[in-house]
Amino acid sequence: MGYLLLAGAIAAEVAATTAMKYTEGFTRLWPSLVTSLGYVVSFALLAQTLKTVQIGTAYAIWSGVGTAAIAVLGLLLFGEGLSPAKVAGILLIIGGVVVLNLGGTAH
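The structure contained in this document is the topic of the report that follows. Quick caveat, the model's predicted, so the values are computed rather than measured. (Residues numbered from 1 in each chain as written. Predicted model: local features only at pLDDT ≥ 70, side-chain atom pairs only at ≥ 80, totals over all residues. Heavy atoms only, no water.)

What follows deals with helix α1 (residues 2–21). For α1, built from 20 residues, the straight-helix expectation of 28 Å at 1.5 Å per residue is met to within 8% by its first-to-last C-alpha distance of 29 Å. By the burial criterion, the buried members of α1 are G2, L6, A9, I10, A12, E13, V14, A16, T18 and A19. Against α2 (29–49) and α3 (55–78) lie the buried residues of α1. (Helix = DSSP H or I, 4+ residues; strand = E, 2+ residues; numbered from the N terminus. Expected span 1.5 Å × (residues − 1). Buried < 20%, exposed > 50% of the residue type's maximum accessible area, 1.4 Å probe, protein only. Contact = heavy atoms within 4.5 Å.)

Here we come to the packing of aromatic side chains. Evaluated as defined, the whole model comprises three aromatic pairs. When the ring of Y22 is compared with that of F78, the centres are 5.6 Å apart and the planes differ by 55 degrees; the resulting orientation is tilted. Here F78 lies in helix α3 and Y22 lies in the loop between α1 and α2, a separation of 56 residues in the sequence. For Y22, a relative accessible area of 40% translates into the label partly exposed. Seen in terms of ring centroids, F43 and W62 are 5.7 Å apart; in terms of plane orientation they differ by 45 degrees. Their pairing is tilted. Taken together, the positions of F43 in helix α2 and W62 in helix α3 put the pair 19 residues apart, joining distant regions of the chain. Classification of F43 by relative accessible area gives partly exposed; the value is 48%. The residue whose ring lies beneath K21 is F78, and the NZ or CZ to ring-centre distance is 5.5 Å. (Phe/Tyr/Trp six-rings, centres within 6.5 Å; stacked < 30°, edge-to-face > 60°. Lys NZ or Arg CZ within 6 Å of the ring centre and 35° of its normal.)

What follows is about the packing of α3 against helix α4 (residues 84–102). Helix packing geometry: the angle between the two helix axes and the distance between the axes. Close contact between α3 and α4 brings their axes to 9 Å; oriented N to C, the two are set at 160 degrees. The pairing of α3 with α4 is recorded here as roughly antiparallel in orientation. For α3 against α4, the interelement crossing comes out left-handed. From α3, G56, T57, A60, I61, G64, T67, A68 and A71 reach across to α4, where they touch I90, I93, V97, L100 and N101. Residue composition of the contact of α3 with α4, grouped by class: eight nonpolar, five polar and no charged. (Axes fitted to C-alpha atoms, helices over the stretch in contact; angles between N-to-C directions. Parallel < 35°, antiparallel > 145°, perpendicular 65-115°, else oblique. Left-handed = near helix turned anticlockwise from the far one by under 90°. Nonpolar A, V, L, I, M, F, W, Y, C, P; charged D, E, K, R; others polar.)

This is the structure we're talking about:
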């Protein structure tokens, strides 16, 4: 259940960050409301996730997957360029999340 909540937290964060692009510096009401609500939902779901998933693992997944997703959406929705450095960065983020998850729990 924790990882399902985490997926929801990631989706809400990605939606909020994407909506922020349309706020024009928080001068547009509806995108600003979507951004604010998305972050509130994301943090609430992340907080619930932390009841069953270790904080380091949860945060690594939340921030890493969110960052990679926003980078891809930047390419698809906003025409941002794709450089070898950007590809390497995304791969390193994903790799870091994988390594943290493979590390398991230490007692």
